[in-house]
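Remarks on the overall topology
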Amino acid sequence: MSQLWWRAKRLSERLGSDSPDGLPPGSPSTVAPQGSNSSWAPIAPVVTPEEPFFLMTSTAQTISGFFVWTALLITCHQIYMHLRYYSSPNEQRHIVRILFIVPIYAFDSWLSLLFFTNEEYYVYFDTVRDCYEAFVIYNFLSLCYEYLGGESAIMAEIRGKPIESSCMYGTCCLWGKAYSIGFLRFCKQATLQFCVVKPLMAVITVILQAFGKYKDGDFNVASGYLYVTIIYNISVSLSLYALFLFYFATRELLVPYNPVLKFFMVKSVIFLSFWQGMLLAILEKCGAIPQINSADFSVGEGTVAAGYQNFIICIEMFFAAVALRHAFTYKVYMDKRLDSYGRCAPMKSISSSLKETMNPGDMVQDAIHNFSPAYQQYTQQSTLERGGGPSLSRSHSNLSTRGDHEKTLLLSSDDEF
C-alpha cells in the first residue's frame, strides 16, 4: 500500500513540473502568469523582412506622403493668393497664420512617420506642431475681433445684455450675468494662457524625455506623461471653451462672415486631434496596440500609438486643406486692389507681407495688455478706417454713422465677468 502511495506521489510531482495543459516543455503558454502584480498583455510581434509592420512599409509612407504633399500644394497656393491680394492686413495676417497649421501639422507628422523607428525624434517634431496650435487658437479669436471692428465695436453691441443660460451651449453656470468688458477680457486671457502653457509643457516634455521620465501612453504616477496630459487637457479645454463663449455671444454679428465653417475647422483640427491621441493612448493601455521587437531595434507601444496618430493626421490634413480653402477664401479680397491701376502686389511686397504676418509681436503686446495689473482703463482703436471690403457687420454700419469721436471707446475693468 505504501509503495502505491509513493508511486502516486512521484507521478503527481512529475506532472506538476510539466508544462500546463499537457504541453511539451518549451511550448509557449497562453496562460497569464499568476501573481498579484501580473497582468495579461499581448505578445509583441517580431518584425521580420517577410512580415514588416504597416507603418514601416513603403505603402504607408507613400499614402501619407501623397496626402501631405497634396495638402501642402493646396494650402501654399492659398497662402500665396492671400499675400498677393494683401489688401486687408488686419484680417489677412490672422488668416495666413491659421492656414499655416496645415503645412506644419502635415509635414511634421510625415517626418515623424519617416523616423518611426527612433523613439525620440517624434517627440521633438511633435513639439513644434503642438506649440503652433496654441498660436492658431489665439489668431482665430483675434480674427473675429477684426471682423467686428475691435473690442470697442463689440462692446457697443453686446454690453449689458444678459447671457443666455443654456446647458447645451455650456452657459448654464453664467445665469444672471451680463456681457461686459470682463467677458471679453476672459476670452482673451483664456486663449492667451494656452499660448503660454502649451510651449511650456512642450519644453518640459523634451526635458523629461531626455531624462527618461516621459513615455507616450504611460499613465503611471511616476511618469511625466500623466501630469503633462492633465495640465494640457485643462488648458486646451479652457481655451476652446472661451472661444466658444465668444462665438455664442457674437454669432449674430458674425453672420456676414460665415463663421460656422471657420469655427468648426479650427476647433476640429486642434481639439479632435488631441482626443484622437488620447483615444490611441487608452487603446495602448488596454493592450490593443502592441510593441515591436526585432534584432536591430525595438519600438515601444507609445511610439506605435504616436505613429498611428501621425499617419492619421497626414490623411486628415488633406481634407482640412480643402475645407480651409473654402472657409478662408481669398476671393473676397481680390477686388481690393493695392494701387489705382488694379495691379497685384509685386513679389517684394509679398515677401514683406509674409514677414509681417509671421511676426508675433502683436500677440506679445496683447498678452501684456490683457494680463497687466494696470488694466484699469484703456482704449481700443477700432478699424473704421479700413475702407472697402466685404459686406460689413451691423457693428460696422452703426459705428460709421456716429462720427470720429466713437472710433475709440473708453472701457473700464470694473465690469467683472
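Everything in this summary refers to the structure shown in the same document.

Cut-offs used in this document
Residues numbered from 1 in each chain as written. Predicted model: local features only at pLDDT ≥ 70, side-chain atom pairs only at ≥ 80, totals over all residues. Heavy atoms only, no water. Axes fitted to C-alpha atoms, helices over the stretch in contact; angles between N-to-C directions. Helix = DSSP H or I, 4+ residues; strand = E, 2+ residues; numbered from the N terminus. Parallel < 35°, antiparallel > 145°, perpendicular 65-115°, else oblique. Left-handed = near helix turned anticlockwise from the far one by under 90°. Contact = heavy atoms within 4.5 Å. Nonpolar A, V, L, I, M, F, W, Y, C, P; charged D, E, K, R; others polar. Phe/Tyr/Trp six-rings, centres within 6.5 Å; stacked < 30°, edge-to-face > 60°. Buried < 20%, exposed > 50% of the residue type's maximum accessible area, 1.4 Å probe, protein only. Lys NZ or Arg CZ within 6 Å of the ring centre and 35° of its normal.

**Let's talk about the packing of helix H7 (residues 181-210) against helix H12 (residues 361-371)**
Two numbers describe how H7 lies on H12: the axes approach to 10 Å, and their chain directions differ by 125 degrees. Relative to H12, H7 is oriented oblique. For the pair H7 and H12, the sense of crossing is left-handed. Residues Arg 185, Lys 188, Gln 189, Leu 192, Gln 193 and Cys 195 of H7 touch H12, and the partners they reach there are Met 363, Asp 366, Ala 367, Asn 370 and Phe 371. Taken together, the residues of the contact of H7 with H12 sort by class into 5 nonpolar, 3 polar and 3 charged.

**Considerations on the packing of aromatic side chains**
One pass over the full model with this rule turns up 16 aromatic pairs. Between the aromatic rings of Phe 194 and Tyr 232, the centroid separation amounts to 5.8 Å while the plane-to-plane angle is 15 degrees, which identifies the pairing as stacked. Residue Phe 194 is located in helix H7, and its partner Tyr 232 is located in helix H8 (residues 224-250); the two are separated by 38 residues in the primary sequence. Like Tyr 232, Phe 194 is buried. Among the aromatic residues, those joined into a cluster by ring pairs are Phe 66, Phe 67, Phe 318 and Phe 319. Geometry around Tyr 105 places Arg 129 over its ring, the cationic atom sitting 5.6 Å from the centre.

**Some remarks on unusual backbone geometry**
Trans peptide bonds make up the majority, and among non-glycine residues the majority have a negative phi. With a phi angle near 50 degrees, Asn 258 is a residue other than glycine that sits in the positive phi range. Secondary-structure assignment places Asn 258 in the loop between H8 and helix H9 (259-285). According to the relative accessible area criterion, Asn 258 is exposed, its value standing at 58%.

**Things to note about helix H3 (residues 89-99)**
With 9 of its 11 residues buried, H3 lies for the most part within the structure. Taken together, the buried positions of H3 are occupied by Glu 91, Gln 92, Arg 93, His 94, Ile 95, Val 96, Arg 97, Ile 98 and Leu 99.

**Things to note about the packing of helix H2 (residues 58-84) against helix H10 (residues 301-327)**
Viewed as axis vectors pointing N to C, H2 and H10 meet at an angle of 25 degrees, and their least axial separation amounts to 8 Å. Taken together, the axes of H2 and H10 are roughly parallel relative to one another. Classified by chirality, the crossing of H10 by H2 is left-handed. Residues Ala 60, Ile 63, Ser 64, Phe 67, Val 68, Thr 70, Ala 71, Ile 74, Thr 75, His 77 and Gln 78 of H2 lie in contact with H10, whose contacting residues are Phe 311, Cys 314, Ile 315, Met 317, Phe 318, Ala 321, Val 322, Leu 324 and Arg 325. Per-class residue counts for the contact of H2 with H10 are 14 nonpolar, 5 polar and 1 charged.

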